[in-house]
Amino acid sequence: MRIGNLLIGRPKIGLALGSGSARGWAHIGVIKALEEIGIEPDVIAGTSAGGVVGAFYAADALQILEDSLKNFKSLRDTLAHLDLGIGTGGLVSGKRWWKKFLENYLPVRNFDELKKPFGVVVVDLVTMQEIHIIKGELLPAIRSTIAVPGFFSPFEYKNYKFVDGGLLNPVPMDLARNLGADVVIAVDLDSRPETEIPSSIREIFLRSIEIMRNRINIDNKIFEKPDVVIEPELDEIQFLDYHKHQLAIAEGYRATMEKKDEILKVVHSKIRRLPSKKNKLKKHIQSIEYHSEY
């Protein structure tokens, strides 16, 4: 029950799952830990890798996702899911990943079929704007949010050219609130910057994106004020280390259990003051609905 800016009773819990490529498997460990301590999020928001795990969780198919990771035993297995994208705007076209991974394992095709409210963040290269997708076809939305610029080719839809939502919103706390969350648990996979000196073109490119996302995350946390922030330590996992899923899941679980008391205190508080809208960063976010064929 709401009285002014006070909420009395159980809050609606939102889970904001951040970007992070192969580090994204840590989100599985986070969710498993939350369930173990009796916390079931009501709404899910995801960016990039967080959008992938979030979609499976919202579809009640997290175990299917975890079981599928057994196919990733080495870097060679990861590369087998990728195809060259010469002339597509990226090193990888994404079609093989779509067919071999998304279509094979995700049992849901439309947002309306999900068990929980869910949304992803993408960025349109044409308008340079952040866009939230919460309705329509699910697979194109996921393909769009993981389109790391220069690596995955952009996903084109009508007059849009979508890339990874992490460019502007690495941890979508605002989307979780827009989906109805009173309390937001944010999972930031890139909060601990790497210390190794980048040398190759690839390392410099990825570090440049990381610098940008870290600065955006700092600002977003100030304005969006998540109730709890979970920050797994994932320095050992690099961009394409999908075969290190066990390590990522274990660290996501550990980092969540480390915040167990804080999470339970926030969630079980009988009376809470809702965030003030006066000091929030004003963002004009467009929402779209997919109706297309890939």
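Description of the structure in this document. (Residues numbered from 1 in each chain as written. Predicted model: local features only at pLDDT ≥ 70, side-chain atom pairs only at ≥ 80, totals over all residues. Heavy atoms only, no water.)

A closer look at the overall build of the protein
Move 1: Looking only at helices and strands, the protein has 10 helices and 14 strands in total.
Move 2: The burial tally for the protein puts 54% of its 294 residues in the buried class.
Move 3: Once local pairs closer than 6 in sequence are excluded, the contacts in the protein between residues at least 24 apart make up 77%.
Move 4: Element-wise, carbon and sulfur atoms account for 54% of the exposed surface of the protein, whose accessible area totals about 14100 Å². (Helix = DSSP H or I, 4+ residues; strand = E, 2+ residues; numbered from the N terminus. Buried < 20%, exposed > 50% of the residue type's maximum accessible area, 1.4 Å probe, protein only. Contact = heavy atoms within 4.5 Å. Areas by Shrake-Rupley, 256 points an atom, 1.4 Å probe, with all protein chains shown as cover.)

Let's talk about the side chain of Thr78
Move 1: Position of Thr78 among the secondary structure elements: in helix 4 (residues 75-79).
Move 2: You can call Thr78 buried: its relative accessible area is 3%.

Thoughts on the packing of aromatic side chains
Move 1: Applying the stated rule across the entire model yields 14 aromatic pairs.
Move 2: Considering the side-chain rings of Phe56 and Phe101, the 6.0 Å spacing of their centres and the 55° angle between planes classify their relative orientation as tilted. Here Phe56, found in helix 2 (residues 49-58), pairs with Phe101, found in helix 5 (residues 95-105); they are 45 residues apart in sequence, far enough to count as distant.
Move 3: Residue class for Phe56 comes out buried when judged on its relative accessible area of 0%.
Move 4: Its relative accessible area of 1% is what places Phe101 among the buried residues.
Move 5: Taking 6.4 Å as the distance between ring centres and 5° as the angle between the ring planes, the aromatic pair formed by Trp98 and Phe155 counts as stacked. Within this pair, whereas Trp98 is found in helix 5, its partner Phe155 is found in strand 9 (residues 155-157), the two being separated by 57 residues in sequence.
Move 6: Ring pairs connect the aromatic residues Trp25, Phe56, Phe72, Trp97, Phe101, Tyr105, Phe151, Phe152, Phe239 and Tyr242, which therefore count as one cluster. (Phe/Tyr/Trp six-rings, centres within 6.5 Å; stacked < 30°, edge-to-face > 60°.)

Looking at helix 10 (residues 260-267)
Move 1: Listed as buried for helix 10 are Ile263, Val266 and Val267. Taken around the axis of helix 10, the buried residues stretch over an arc of 90°, which confines them to a single face. For helix 10, the exposed residues set more than 90 degrees away from the buried face come down to Asp261 and Lys265. (Arc of directions from axis to C-beta.)

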